[in-house]
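Each chain, letter by letter, is given below.
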Amino acid sequence: MYLHDYLNKIMRVWNAYEGQAVARFLSLQDFHVNDPNLYKENPDGAVSRQLPAPLDEIVSAHLKAVYHLMQSDSPNYTEAYRHQTSCIQAVVKLLQQMKEENWILPIMYVVSIDLRLLAAKCEQQMNSSKCGEILEKAAESLMSCFRVCAGDTRSSDEDTKRLGMLNLVNQLLKVYFRINKLHLCKPLIRAIDSSNFKDSFSLAQRITYKYFAGRKAMYDSDFKNAEEYLSFAFNNCPRRFTKNKRLILIYLTPVKMLLGYMPRKEVLERYNVLQFHDLASAVKEGNVRRFDEAIRRHEMFFINAGVYLIVEKMKILTYRNLFKKVHQMLQTHQIDMNAFQTALQFSGVEDVSMDETHCIVANLIYEGRIKGYISYQHNKLVISKQNAFPNVVAT
């Protein structure tokens, strides 16, 4: 396909208001990027003669990115990224120019995705000391698109560009998680959760969003919201996407455990996350020694998954279940703290002092895992006569 034919095809679908078709001609994932006839270092003149502004800027920048990506010796990701940045800047102009129209949103989607992927490629080739800088700049470009979409409040619900917000938010969340700037996620999550269109976005986009929003809530120790987000993502993700469901489950499982719900072995086995089974068994038994062994055995898995610190928080649940057994054995609501210290020593915390025992019990009371108070005068835990060991975190 010659450049003239390529431009004619774009013009034809542009005039027909076929946003998806135009987007395909601007995607770096499309088959047209393999056509050597389109490899032009300076296509500006030919493009501007056939296409209106700012579409001509978008297509020219795209062709320049293709040219640098398809070099025979090795792709020049830095130059390709630079032109892709120009491409998205031209897309921002297009969004601003075409008021009360949203059929062009697919163009924004493909250009945004390609920008993020190119930025990631550049990061891989960069000095590690500058890691994150290019992705952060890419996020700034994506935010320019987001502001235009979020600010389109005058268009009708059918024609508003606000329908493109979630796609951009998902791209931004992926970037912020990758460069570890999670504090930047909060305003984006707030914008989507308060949007009138939050249920109008595609299911695939909502699943992606809930997955990242759930992870953010988990890192903020907002486990109830994390459970809600991640459960939606897991339950609505189609069964055939086993890898994605496994990824969601890696975060959903510790969240549900911290809320007092232990996972079933068959579910963990189905998605190859049996590392949590050893942990759940130790927590249920109140076996501190077994819990520590499970953490040590699967340490690298938890670290690589980014849940090690979350999993560590489950130790308080193990203490709670151990102390509940002490209560069941003694059948009294005034339990001598020496009994808890002995139980801890028996369960593997051999060098625990009385002060440390007091501290563990105080933390359990503070977190709502035990209903009661410590009588320091009598060295006893006085617990409630009703539901003294609640399963779910108190709110």
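Preceding block: the structure.
Everything numeric here is computed off the predicted structure, so don't read it as measured data.

Participant: Residues and numbers for unusual backbone geometry, please.
Facilitator: A cis amide bond links Ala 53 to the next residue, Pro 54, at an omega of -5°. Of note, Pro 54 is situated in the loop between α3 (44–50) and α4 (55–69). Look at Asn 180: it is not a glycine, yet its phi comes out positive at around 60°. By the element assignment, Asn 180 lies in the loop between α8 (165–178) and α9 (185–193). Exposure remark for Asn 180: the relative accessible area of 63% places this residue in the exposed category.

Participant: Requested: an account of the packing of α9 against helix α10 (residues 203–219), with residues and values cited.
Facilitator: In the contact formed by α9 and α10, the axes pass within 11 Å of each other and the chain directions differ by 130°. In terms of their interaxial angle, α9 and α10 are classed as oblique. As for how α9 packs across α10, the hand of that crossing is left-handed. Across the interface between the two elements, Cys 185, Ile 189, Ile 192 and Asp 193 from α9 touch Tyr 209, Ala 213 and Lys 216 from α10.

Participant: Lay out the sheet that holds strand β3 (residues 380–383) in plain terms, naming residues and giving numbers.
Facilitator: Overall, antiparallel pairing links the three strands, which are arranged β1-β3-β2 in an open sheet. Two strands bound the open sheet, and with one partner strand each, they are β1 (334–336) and β2 (372–375). Sheet twist, expressed as the average angle between the axes of neighbouring strands with direction ignored, equals 25°. Against the sheet, helix α20 (residues 354–366) touches β2 and β3, its axis set at about 155° to β2.

Participant: Got a sec to walk through helix α15 (residues 288–297)? Specific residues and values, please.
Facilitator: What α15 keeps buried is the set Val 288, Phe 291, Ala 294 and Ile 295. Seen along its axis, α15 keeps its buried residues to an arc of 120°; they face one direction. Away from its buried face, by an angle of more than 90 degrees, α15 presents the exposed residues Arg 296 and Arg 297. Of the surrounding elements, those touching the buried residues of α15 are α14 (275–285), α16 (299–305), α17 (308–312) and α18 (315–330). Regarding α15, its N-cap is Asn 287, as a side-chain oxygen of that residue lies 3.2 Å from the backbone nitrogen of Arg 289 further along.

Participant: Before we move on, can you summarise the environment of Asp 355 with the specific residues and values?
Facilitator: Relative to the helices and strands, Asp 355 resides in helix α20. Along the backbone, Asp 355 and Gln 341 are 14 residues apart, and their C-alpha atoms lie at a distance of 9.6 Å.

Participant: Any chance you could break down the packing of aromatic side chains for me, citing the residues and the numbers?
Facilitator: Throughout the structure, instances matching the rule amount to 13 aromatic pairs. Seen from their ring centres, Phe 177 and Phe 212 are 5.2 Å apart, and the 55° between their planes marks the pair as tilted. Linking Phe 177 in helix α8 with Phe 212 in helix α10, this pair joins segments that are 35 residues apart in sequence. The same class applies to Phe 177 and to Phe 212, which are both buried. Ring centres of Tyr 211 and Tyr 251 lie 5.9 Å apart, and the angle between their planes is 65°; this geometry places the pair in the edge-to-face category. Here Tyr 211, found in helix α10, pairs with Tyr 251, found in helix α12 (residues 242–258); they are 40 residues apart in sequence, far enough to count as distant. For Tyr 211, a relative accessible area of 10% gives the class buried.

Rules used in this analysis
- Residues numbered from 1 in each chain as written.
- Predicted model: local features only at pLDDT ≥ 70, side-chain atom pairs only at ≥ 80, totals over all residues.
- Heavy atoms only, no water.
- Helix = DSSP H or I, 4+ residues; strand = E, 2+ residues; numbered from the N terminus.
- Buried < 20%, exposed > 50% of the residue type's maximum accessible area, 1.4 Å probe, protein only.
- Axes fitted to C-alpha atoms, helices over the stretch in contact; angles between N-to-C directions.
- Parallel < 35°, antiparallel > 145°, perpendicular 65-115°, else oblique.
- Left-handed = near helix turned anticlockwise from the far one by under 90°.
- Contact = heavy atoms within 4.5 Å.
- Pairing = 2+ DSSP bridges.
- Arc of directions from axis to C-beta.
- Polar contact = N/O pair within 3.5 Å; in protein donor to acceptor, adjacent residues only side chain to side chain.
- Phe/Tyr/Trp six-rings, centres within 6.5 Å; stacked < 30°, edge-to-face > 60°.

These figures capture arrangement, not role.
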